[in-house]
Structures are given as structure tokens and as C-alpha cells.
Amino acid sequence: MYNRITGLATVFIFIFLTFECFARITINIHNETGDSRAFLYLNTPAGSVKGLSGSDQDFNAQIYKQPFLNGNNEYQISFDSIDSGNLNFGLLGPESEASDAFRNNKSISTTSDAYTGFIEFSYLPPGNGDKGKVYWDLSNVDQLGMLCGLKSNDPGLIKAGYNKDGNSFTKALLDKLAEEEVDVKSIAVNCGPDLKYIKLLGPTIRPEAYSEMYNRYLDNLTAGEVNVTLWSDALPVAGSSYRSWKDNDWQSSEFTGHFSPPADVNVGDVLIKDVILQLTNDLYNTRIYLTKSALSGKSIVSGDSDGGMYVTCNDEIINDSSVSPALNSANVHLNWVGNSPAETYRFQAWVDSVTRELLVALNCGRIAVTPGAYYSQKDEYTWVPEKDRVYENPYNQYIVANSNSYGMSYSDGAGGKVQYLTGPDVVVDLYLLGPDNQDTSKYYDSSDQSYNGPTQYEVAFGFGSTVDKVEIDGKTVIQDSNSSLIYWIPNDISRGKWIDMTVYKTDKTMLTCKLYFPDDAQQPSIKDAQGITGAVWNEVPDNPVTKWVLQTAPI
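Residues numbered from 1 in each chain as written. Predicted model: local features only at pLDDT ≥ 70, side-chain atom pairs only at ≥ 80, totals over all residues. Heavy atoms only, no water.

(A) Geometry of the overall build of the chain. The secondary structure content of the chain amounts to 9 helices and 33 strands. For the chain, the computed accessible surface area is about 22,200 Å², with 45% contributed by carbon and sulfur atoms. (Helix = DSSP H or I, 4+ residues; strand = E, 2+ residues; numbered from the N terminus. Areas by Shrake-Rupley, 256 points an atom, 1.4 Å probe, with all protein chains shown as cover.)

And the structure:
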């Protein structure tokens, strides 16, 4: 299953197209590990990098390179554009150095004895007349290994790193995890050329080691029959890269339900055993049945299950082989998506957006266990206050608090993903650091802990039908070059006051409303929607281009 980080939460999935670009993305790599055997590996989809070169002009993606063996501690990679990818780095251990993966230039397993780390980045083609953007982040979702530091000549990425050297950082996290009854022996790996370094495997790799706390959480939620309200994403036909099954605009709408002790439920001719949460959507008469096998301590931290989830929608999907085996709702896994948007039906992604929000809430410990308690995804007053959260993912909590990084795959939904946005003509210095390197903290800035994604008010509109023109504050809004249904608000939009928006339909009808964009990263507001029906803001934190989408019914 492709990771939810890639953006199943978004209303519009933007395909990373290749654009010719005169700017260069340059990464200067400084080997400060004290070991000349440090390696680099550009882990990208085939053909996704354009104009790639290195200091010796022969750098290739998906080829292991050890450029520091000659005693030079600096190496440069540059390229014109990249769809998406990770720059992996580290030191090989005895087994990984002798492995078929290393010899055949395949990705080395996270659980191996290689002492590794990586940065994740993508070039985003221009969608509103600019030169495009590059987003960068440090990820510790799967493991915590070799630490690094980042610096840049772009104001979007001044510096990023960690607040301790590698050994201290890892030891403190081990101590915290031990307090939470995590099986630390199973997640600590001796690695590096002399097997003298330790890296930690994250919850996505060893979910069983982290599951005990969440098993207790679920037991308390089911015993207390706690009520929940969750919201789906809006997935309209227009602008969607998902497969079509029915020409439905799957609107953002609420699912309600409550945890309960395991019970058997009859759905038509199907007996579903051990249901602990049933979520109901009245707008589309859709129900999601989550059993003990689908929702467990292990599946909460890993984000998936082997099965145990059942979905119904007007009885049209159950066992309907004429649609697709993918939409047979009997006993599907929790992360109910295909390997790509093109292999996923909109309905699947719509359902998946609900279970994703449930997993975000559980990972963050937001749902109270008090008998009869109520949790609403959109009402923070119903959430457990941060200082009182007993059941919060301890791995992610520590990493977010002590680095400009993130440590769980739902961090974007949890507000814990630290993301940096630069222009495409950028030079970034990457410092590879040994476990005892005391320079680590000089790249860390505690003031950068907030969500550092793109400009919050570069937003899109999905109007549901083609319009001639959109004006905001008297200025014409730029139409997306790839879709006549998407319009972009510029970065310099007026904030902190109500401004006018006018939409001109193809039949020359003029619709108006007022918009308000706060000075901080809060949801925009809309009022006086004269003729713009069903206007609702949808947050899309997975998408590095846009923060908010104003989704409306067809106008």
C-alpha cells in the first residue's frame, strides 16, 4: 500500500509532471561523520530526476555511491527537477555491505545493520505562473538513525536539525519509550561498520513493539462506549486522479458512531464478528464496520491491518464483481487504497480519509476514555488537552519536540510534520553527522517547530462547474494551467479583514461572497454566500502546494 503521507487526504491530487526548468536544485553534501565510507543513494522512481549530475558528473539515481573514499569530504548533487524522492545516506554494516541489495543497487532494508538517515524532497511544477517550488523535510517515520543538519540560501529553509548529538538523542528516546512499556530490545539495532552505533526502528516498522499502550487505549474506549464524529474528505469528479466508479461528487460529510465491546453484526447475508466501532454516514447511506482485527494496537501505529474492515453503500458495492474486485467490501484491510491514485476508486479514498482521521486521533491520544465521552474531529473543545494526553504516540511526540522533523505517518494530520518550502533555484547544504558529533544542535532552531509548510493562503477553489473568471478584492485570480476548475489565490492576498469575491459563470451570472483570511494559520472564513451553495473549506495538509480548498456544490 502506498503511504498515506503521499496525499490521500487531498481534495485534488496533483500529478507531478515534468517541466523544463532553467533553475538548478543543488545539494552540497558535507561528510562530518569521521568515516570516509559514508554512502549516498538517491532513492527515486525511475525517470523522475531530470538533469542530474554530481561533483564528478557521473552521479546516477538508484546507484550507491561512496564519494568520500578519496579523502575529499564534500560532494555536490544538482538537477533540474525531481518528481519526488529521498536522498538516503549512511554507513554500511558488515551484513548490508555484503547484501544483494547493496550489490544490485536496491534499497537497503530499514531493519538492516546499515546506519542510515534520509531527507525527503520534491520539485512541484508551477501551477500559478511562478517558477515552481521544492519542499524538503527530515523524516524519522520508519527509523531514527544517522542524524544530519540542513542549511540553505533560501528563506524557506534557513536551518533544520536536532537538539542533541545522535547518541544522546537516541538514548533519551529509548528511556522515554521504556517508560511507555515499549519493547525497546526489539527496536534497537546495532549498526555501522563496527556495529557500535544504535538506530531505532519506528512504529511503522515494528508496530508490535509499540502496540501495548494502544491495546489498553482501545480497551478503555470500548468499555466506555465513547462517541466519535469524523469527517470525510471531499472527492469530486472534477480534478480527481482516482478511478471513477460512479459519477458522484463524494462530498465532505460526517460519520458518527461509538466504540463498544465486541459484538456480532448481521449485514445482509454477512455476519461480521467482533465489531467494536460502527461509523455511519447518512448522506450516502454508507457504513464502516471496524472489528477487533482491523482496529488494534498494532494497526493504530502501523496504519494498516490484514483485514477486518467492512464497508457498505446502498448495497451496491457488496460483492459487485461487475464494478471491480477492489470494491468488494467483504473483509478489506484498514488502509483501503490501491498502489496509486490511478488504482484507487474515489469511493475507496473517501472512506480511507475517514479511517485516517480516526487513526490520527488515536495516535495523538485526542479521544477521552471517560465513559460516554464525545469526540468530534472538528471541535477541538472535545479533544483531550495536550498536557493531559496519556495515549500519545511517544516516538512521534519526542521527535517532534526535539527536532525539526516528524516521526509518524499521520504527522501532517496531527500538525507535527515540519516541512520547508523553497524556490527551485536553491542551494542546500546537507551535513552528515556521526553519532558523537556535537555540532548537531547548531542546525536546530526551536522556533521552527510549527508547521512550516507552504504559504497558508495559497488556496484553490473547486467550484464544481466551469466559470469564466474569479475576482478577489477586485483582482482577477489566476486560473490553474492544468485545470479549468481550479483557481489560485496569490500569496499577497489581504489578511485580517473581510474582502469581496465575485465569481462570473459562463452564462454571465455573477455570484458574490465575502472571504476572510486570518493572519495566522487558521481556517479562512466565508459569509454572505449569495448563490455559492454548499461552500465549505477543506484542509489538505498532505499537499505541499495548497493548504485550503474551498469546495462548493456545482454553481
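Having put the structure on the table, let's press on.
(B) Representation of the pattern of salt bridges. Enumeration over the complete set of coordinates arrives at 15 salt bridges. Between E357 and R356 there is a salt bridge, and its shortest N-O distance comes to 2.8 Å. For E357, a relative accessible area of 14% puts it in the buried group. A salt bridge links K469 to E471; the shortest N-O distance between them is 3.1 Å. Residue class for E471 comes out buried when judged on its relative accessible area of 17%. Via salt bridges that share partners, D56, D58 and K65 belong to a single interconnected network. (Salt bridge = Lys/Arg side-chain N within 4 Å of Asp/Glu carboxyl O. Buried < 20%, exposed > 50% of the residue type's maximum accessible area, 1.4 Å probe, protein only.)

(C) Layout of the side chain of S232. As for its placement among the helices and strands, S232 is situated in the loop between β15 (227-231) and β16 (254-267). At 3.3 Å, the side chain of S232 forms a polar contact with the backbone oxygen of Q251. Within polar-contact distance, the side chain of S232 engages the side chain of W350 at 2.8 Å. With residues up to four places along the chain from it excluded, the contact list for S232 reads Q251, S252, S253, F255, W350, S353 and V354. (Polar contact = N/O pair within 3.5 Å; in protein donor to acceptor, adjacent residues only side chain to side chain. Contact = heavy atoms within 4.5 Å.)

(D) Molecular detail of unusual backbone geometry. Notably, Q57 is not glycine yet its phi reads approximately 65°, a positive angle. Mapped onto the secondary structure, Q57 falls in the loop between β4 (53-54) and β5 (74-79).

(E) Examining the packing of helix α3 (residues 166-179) against helix α8 (residues 394-402) more closely. Closest axis-to-axis distance for the α3/α8 pair is 10 Å, and the angle between their directions is 145°. Crossing geometry of α3 relative to α8 is assigned as right-handed. Across from S168, F169, A172, L173, K176 and L177 in α3, the residues of α8 making contact are P394, Y395, Q397, Y398, I399 and N402. (Axes fitted to C-alpha atoms, helices over the stretch in contact; angles between N-to-C directions. Left-handed = near helix turned anticlockwise from the far one by under 90°.)

(F) Broad picture of the pairing of β16. As defined by bridge partners, β15 adjoins β16 across 5 bridges and the pair is classed as antiparallel. Counterpart to L230 in the pairing with β16 is F255. Pairing of β16 with strand β17 (residues 270-281), which is carried by 8 bridges, proceeds in the antiparallel orientation. By the bridge assignment, T256 is partnered in β17 with T280. From the end of β16 to the start of β17, which pair antiparallel, there are 2 residues, and G268 there has a positive phi angle of about 60°. (Pairing = 2+ DSSP bridges.)

(G) Representation of the sheet that holds strand β14 (residues 197-201). If you walk across this open sheet you meet the 3 strands as β10-β14-β13, and the pairing is antiparallel. Edge positions in the sheet fall to β10 (143-144) and β13 (188-191), since each has one partner strand and no second. Here 2 bridges tie β10 to β14, and the two strands are oriented antiparallel to one another. Looking at β14, one finds that L144 is bridged to L200. Contacts from α3 reach β10 and β14, with the element oriented near 45° to β14.

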